[in-house]
Amino acid sequence: MGTGILASNIGRISYDIYPLRILGLTIFVFNIVLLVLFFTLQIAQLIVYPGIIEFMRRNPRRMLHYGAIPMALGTVLTGISEFQIYEMNHAVVYIAWSIWWISVVLAAAASVLLICLIVSRETRSIESVTGAWLLLVAPLAVCASTGASIADYLPTDLAYITLIVSYALLGAGAPLTCCILVLYVTRITTFKLPPHDAIVTSFIPLGPAGQIGVAALSLGRIANAVLLDSTPQLDILGPTMLGAGVLIALMSWGFCVFLLTHAVFSVVYQRRSAVIPFNISWWSLTFPIGVFGSLTAGLGEVLDMRYLQVNFMVMVVLLLVLWMFNMVRTIAGAWTGSIFGIPSLANKEDATKESTSSAVTICDSRPTDRYV
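Worth saying up front: this structure is predicted, and the values here are computed from it rather than measured. (Residues numbered from 1 in each chain as written. Predicted model: local features only at pLDDT ≥ 70, side-chain atom pairs only at ≥ 80, totals over all residues. Heavy atoms only, no water.)

A. Structural context of the environment of A174. Counting through the fold element by element, A174 comes out in helix α7 (residues 156-190). A174 sits in the buried class, given a relative accessible area of 15%. Taking C-alpha positions, A174 is 8.4 Å from A138, a pair spaced 36 residues apart along the chain. (Helix = DSSP H or I, 4+ residues; strand = E, 2+ residues; numbered from the N terminus. Buried < 20%, exposed > 50% of the residue type's maximum accessible area, 1.4 Å probe, protein only.)

B. How the structure looks around unusual backbone geometry. For D304, which is not glycine, the phi dihedral falls at a positive 55 degrees. Position of D304 relative to the elements: it lies in the loop between α10 (286-303) and α11 (306-336).

C. Spotlight on the pattern of salt bridges. Across all of its chains, the model carries three salt bridges by this definition. Of the charged contacts in the structure, one is a salt bridge between R12 and E82, with a shortest N-O distance of 4.0 Å. One end of the pair, R12, is in helix α1 (residues 2-12); the other, E82, is in helix α4 (residues 68-82), and 70 residues separate them in sequence. Accessibility expressed as a relative area gives 18% for R12, which makes it buried. (Salt bridge = Lys/Arg side-chain N within 4 Å of Asp/Glu carboxyl O.)

D. Quick peek at the packing of helix α5 (residues 91-121) against α7. Where α5 meets α7, the axes come as close as 12 Å, and the angle between the chain directions of the two elements is 25 degrees. If you check the angle between α5 and α7, you find them roughly parallel. As for how α5 packs across α7, the hand of that crossing is left-handed. Contacts between α5 and α7 involve Y94, W97, W100, W101 and V104 from the first element and L158, I161, T162, V165, S166 and L169 from the second. Classifying every residue of the contact of α5 with α7 gives nine nonpolar, two polar and no charged. (Axes fitted to C-alpha atoms, helices over the stretch in contact; angles between N-to-C directions. Parallel < 35°, antiparallel > 145°, perpendicular 65-115°, else oblique. Left-handed = near helix turned anticlockwise from the far one by under 90°. Contact = heavy atoms within 4.5 Å. Nonpolar A, V, L, I, M, F, W, Y, C, P; charged D, E, K, R; others polar.)

E. Representation of a nonpolar patch on the surface in the model. A surface patch of nonpolar side chains, about 420 Å² in accessible area, is lined by L250, V302, L303, M305 and Y307. Look at V302 and you get partly exposed, because its relative accessible area is 32%. (Patch = residues over 30% accessible without salt bridge, like charges linked within 9 Å, V, L, I, M, F, W, Y side chains within 5 Å. Areas by Shrake-Rupley, 256 points an atom, 1.4 Å probe, with all protein chains shown as cover.)

Here you go:
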């Protein structure tokens, strides 16, 4: 996701600089390669280690990362729009639209299924709430914003359908995101900060909070154009929905400033007491900052504010530096094997304790090694 949002933000830069466009397209293609590669590896892991499926079924929080799949598809669709790839072949628009429907189904299934599993199988206190919980509902807002980016190039009738579905997704995702954000803010104001090795995840809430503003702003701009052509009797709603989108985006931007400030403070505070080790959670820096940059760019375009446009350029540079740092460290960690691991292996002892204390046990009671 971080790679895809970087490519999309580079594509949004208003200055027509050819090297930047080549850089953005290169990262965009690299993002597609990574998506296909890791999706294939995930399927292969489940085939080779089938016990992981049962482990994650009894520990639903281990499945939160599956919410990243529709969001990763969303970055591909946004890149298609930003780099105007549809100009190469108009069929690309319909291919992107088909992929968008797949991401909608995946986002809805992941959100509903994971929430039901967590509610029915786990009992957690407010202290256990982390920013990773937002991966449950963030895909809904991401699909809403990508729907707006695709609808801009579809025929009027298809754009109208996409607009309605996107608003429905935003209506489902925004309240759920706000509910989890309330729990998260309650957690950080009531209990101590997350452990130092997971403190970087403090940046995660920045992404869903900013995505609500991006989706509302994008959908408002599309609604202002689509409703006039598709439903003339509702043309008065177009400017109203655009104004509401700008208002929601502004409030979302302000909340993102608070979340960013808190995340930076948390990392600096924990760094004073202990070194923060590099792990895969460091990638949670890239996508949230990229979403905040997209929101800033969108507001800068609508409000015609030079200050926001300059801020967006600074965020793109910062995002590129963070992405390069994470990529270098990840490659080094992958080479040594220190950054990747099978969840069931890393948590075998925890799984054994949970399985013995659970009221519901597996009938055959096979040993824990079956998860390997």
